[in-house]
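# Fold and contact review
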Amino acid sequence: MVCLGNICRSPLAEGIMLHKIKAANLDWQVDSAGTNGYHVNEAPHYLSQRVAKKHGIDISKQLCRRFVAEDFERFDKVYAMAADIIDEIKSISGNKYNGEKVDLLMNEAYPGENRDIPDPWYGPEAGYKTVFDMIDIACDALINNTLKDSDRQ
Ligand code: 4NP
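No experiment lies behind these values; they were computed from the predicted model shown.

In this section: the overall build of the protein. Looking only at helices and strands, one finds five helices and four strands in the protein. Secondary structure of the protein in N-to-C order comes out as β-α-β-α-α-β-α-β-α. The C-alpha radius of gyration computed for the protein amounts to 14 Å, which stays within 12% of the reference 15 Å derived for 153 residues, consistent with globular compactness. Within the protein, the fraction of its 153 residues that count as buried is 44%. In the protein, the share of contacts with a sequence separation of at least 24, taken over all contacts with a separation of at least 6, comes to 71%. Working note: accessible area of the protein is about 8300 Å², and carbon and sulfur atoms make up 48% of it. Across the protein, the mean location of the 18 positive side-chain charges is 4 Å away from that of the 24 negative side-chain charges.

Moving on: helix 1 (residues 9–23). In this model, helix 1 (15 residues) spans 21 Å end to end at C-alpha, consistent with the 21 Å of a helix rising 1.5 Å per residue. Counting buried positions along helix 1 gives eleven out of 15 residues, so the element sits mostly inside the fold. Of the residues flanking the end of helix 1, it is Asn25, one or two places downstream, whose phi is positive at about 60°.

Considered for burial, the residues of helix 2 (residues 46–54) that qualify are Leu47, Ser48, Val51 and Ala52. One side of helix 2 carries all its buried residues, which in axial view fall inside an arc of 135°. Along helix 2, exposed side chains directed more than 90 degrees from the buried face belong to Tyr46, Lys53 and Lys54. Downstream of helix 2 by a residue or two, Gly56 has a phi angle that is positive, lying close to 80°.

Take the pattern of salt bridges next. Under the definition given, this model contains twelve salt bridges. The partner of Asp71 in a salt bridge is Arg74, with the nearest N and O atoms 3.7 Å apart. Remark: Arg74 and Asp71 occur in helix 3 (residues 71–74); sequence separation between them is three residues, near one turn of the helix. The salt bridge partner of Glu73 is Lys96, with a shortest N-O separation of 3.8 Å. Of this pair, Glu73 sits in helix 3 while Lys96 is found in the loop between helix 4 (83–93) and strand 4 (102–104), placing the two residues 23 residues apart along the sequence. One connected set of salt bridges, linked through shared partners, spans Asp31, Arg65, Asp71 and Arg74.

This brings us to the environment of Val78. Counting through the fold element by element, Val78 comes out in strand 3 (residues 78–80). With 21 residues separating them along the chain, Val78 and Gly99 place their C-alpha atoms 9.1 Å apart. Each residue touching Val78, except ones within four places of it in the same chain, is listed here: Val2, Phe67, Phe72, Ile89, Lys101, Val102 and Asp103.

Attention now moves to the packing of aromatic side chains. Following the criterion strictly, the structure yields three aromatic pairs and no others. Ring centres of Phe67 and Phe72 lie 5.8 Å apart, and the angle between their planes is 80°; this geometry places the pair in the edge-to-face category. Its relative accessible area of 5% is what places Phe72 among the buried residues. Between Phe72 and Tyr97, the ring centres sit 5.5 Å apart and the planes meet at 70°, which makes this aromatic pair edge-to-face. In this pair, Phe72 is assigned in helix 3 and Tyr97 in the loop between helix 4 and strand 4, connecting sequence segments 25 residues apart. Its guanidinium or amino end placed over the ring of Tyr110, Arg115 lies 3.6 Å from that ring's centre, counting from NZ or CZ.

What counts and how
- Residues numbered from 1 in each chain as written.
- Predicted model: local features only at pLDDT ≥ 70, side-chain atom pairs only at ≥ 80, totals over all residues.
- Heavy atoms only, no water.
- Helix = DSSP H or I, 4+ residues; strand = E, 2+ residues; numbered from the N terminus.
- Rg over C-alpha atoms; globule rule 2.2 N^0.38 Å.
- Buried < 20%, exposed > 50% of the residue type's maximum accessible area, 1.4 Å probe, protein only.
- Contact = heavy atoms within 4.5 Å.
- Areas by Shrake-Rupley, 256 points an atom, 1.4 Å probe, with all protein chains shown as cover.
- Lys, Arg positive; Asp, Glu negative; His and termini not counted.
- Charge placed at Lys NZ, Arg CZ, Asp CG, Glu CD.
- Expected span 1.5 Å × (residues − 1).
- Arc of directions from axis to C-beta.
- Salt bridge = Lys/Arg side-chain N within 4 Å of Asp/Glu carboxyl O.
- Phe/Tyr/Trp six-rings, centres within 6.5 Å; stacked < 30°, edge-to-face > 60°.
- Lys NZ or Arg CZ within 6 Å of the ring centre and 35° of its normal.

Function-wise, these values are silent; they only describe arrangement.
In structure tokens:
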């Protein structure tokens, strides 16, 4: 789960996804990272922590890290929160970039629509709720889509 700062959106995506895979008894690895590295080793933004907590999800122990090219070796899928993040992932990853592993997270719920999850960093608390709700829908779809695909194989 990748955004710009790894402070607002992707920590929520990591926390929501971990919460859902635990509930579904799935053995999946999930992590999050940011492309700009400005907040490395910081905990998530307090408003992301607050909206997560309201839904029973504790993201307070997460620490910000920067996305690295080697993430393409560790993970089967790399989900970007917005299109500009895909550009940043490309420039960080160089020849390790693998477009087949990359998608916008919202495409799991709305295939092919290329919806961005808006950056809540400069806005009010309501933006964090919007982000939570969007990611919640996308993570449900991600699990359903992946399980459907594995049934077919
Ligand atoms: P995020 O939001 O990408 O959702 O974590 C941001 C957090 C910090 C900054 C930008 C976006 N920043 O430039 O510091």
